[in-house]
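Structural overview
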Amino acid sequence: MARPTKAQMSQSWDSRKPTEFKDLKKRQMEYYMGAKLIEVGVNPKSAIFRWSLETSGNRESWTYNAYWGESKEELLQQERSQ
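Described in the following lines is the structure provided in the data block. Only a predicted model underlies this, so the values are computations on that prediction, with no experimental measurement involved.

Concerning the overall build of the chain
- Helix and strand content of the chain: 2 helices and 3 strands.
- When the helices and strands of the chain are listed from N to C terminus, the series reads β-α-β-β-α.
- Evaluated residue by residue, the chain yields a buried proportion of 27% over its 82 residues.
- Relative to all contacts within the chain whose residues are 6 or more apart in sequence, the contacts with residues 24 or more apart total 58%.

A look at the packing of aromatic side chains
- The final tally for this structure, using the stated rule, is 4 aromatic pairs.
- The interplanar angle of 10 degrees and the centroid separation of 5.4 Å between the aromatic rings of Phe49 and Tyr64 together place this pair among those described as stacked. Within this pair, whereas Phe49 is found in strand β2 (residues 48–56), its partner Tyr64 is found in strand β3 (residues 59–67), the two being separated by 15 residues in sequence.
- Look at Phe49 and you get partly exposed, because its relative accessible area is 25%.
- Aromatic ring contacts, followed pair by pair, group Phe49, Trp51, Trp62 and Tyr64 into a single cluster.

Definitions and cut-offs
- Residues numbered from 1 in each chain as written.
- Predicted model: local features only at pLDDT ≥ 70, side-chain atom pairs only at ≥ 80, totals over all residues.
- Heavy atoms only, no water.
- Helix = DSSP H or I, 4+ residues; strand = E, 2+ residues; numbered from the N terminus.
- Buried < 20%, exposed > 50% of the residue type's maximum accessible area, 1.4 Å probe, protein only.
- Contact = heavy atoms within 4.5 Å.
- Phe/Tyr/Trp six-rings, centres within 6.5 Å; stacked < 30°, edge-to-face > 60°.

This is the structure:
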């Protein structure tokens, strides 16, 4: 069975929250993602990360993605071709 080569986590909150709140939550997600990668045996420095944002009414959903190994190479190739 192949090992995963990407991970993601999402959180959503009211878009009217202060910028400081949003920055704190995003830093927490970055920290947690790094800890999870270490837990599964992936060096966080070898991964690449991407943020995405979806807005629906007064809600913002932030998604933090980590890519390593094959997924990292695929993403980089895709970004180069765009």
